[in-house]
Amino acid sequence: MNLSKIYDPRQMNSYQFVAATGLVMTLVAHLILVLLGKTVKNFDALYLCWLVFFSLGTIANYRSKPGDDHHHH
């Protein structure tokens, strides 16, 4: 099992990369909301959504074969 597929952006598939980016953007938005003293109902649910999206992307990444890049030439 190649663990770099979980933490190395070069080894991630597009689903993992989108989820990681979404998580970072959610953290930044959450920090801004805290600094402004505002709350958004169910905002914390975004963290669960990104975790599920990343997990499904990780499963897909581990199930793919090394030659399954689907590059168009």
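Undergrad: Is there a simple way to think about the confidence of the model for the protein in this case?
TA: Detailed reading of the predicted model is not advised wherever pLDDT is low. Overall, the predicted model of the protein reaches an average pLDDT of 88, with 90% of residues at or above 70. Predicted confidence in the protein is weakest over helix α1 (residues 4–7), with a mean pLDDT of 81, and strongest over helix α2 (residues 14–36), with 96.

Undergrad: Mind showing me how you'd approach the packing of α2 against helix α3 (residues 45–63) here?
TA: To characterise two packed helices, one gives the angle between the axes of the helices and the distance between these axes. Following both chains from N to C, one finds α2 and α3 inclined at 160°, their axes separated by 8 Å at the closest point. Taken as axis vectors, α2 and α3 run roughly antiparallel relative to one another. Both α2 and α3 take part in a crossing whose hand is left-handed. The segment α2 lies against α3, with Y15, Q16, V18, A19, A20, G22, L23, T26, L27 and H30 engaging L46, Y47, W50, F53, F54, G57, T58 and N61. Tallied by class, residues from the contact of α2 with α3 come to 11 nonpolar, seven polar and no charged.

Rules and cut-offs
- Residues numbered from 1 in each chain as written.
- Predicted model: local features only at pLDDT ≥ 70, side-chain atom pairs only at ≥ 80, totals over all residues.
- Heavy atoms only, no water.
- pLDDT = per-residue confidence, 0-100.
- Helix = DSSP H or I, 4+ residues; strand = E, 2+ residues; numbered from the N terminus.
- Axes fitted to C-alpha atoms, helices over the stretch in contact; angles between N-to-C directions.
- Parallel < 35°, antiparallel > 145°, perpendicular 65-115°, else oblique.
- Left-handed = near helix turned anticlockwise from the far one by under 90°.
- Contact = heavy atoms within 4.5 Å.
- Nonpolar A, V, L, I, M, F, W, Y, C, P; charged D, E, K, R; others polar.

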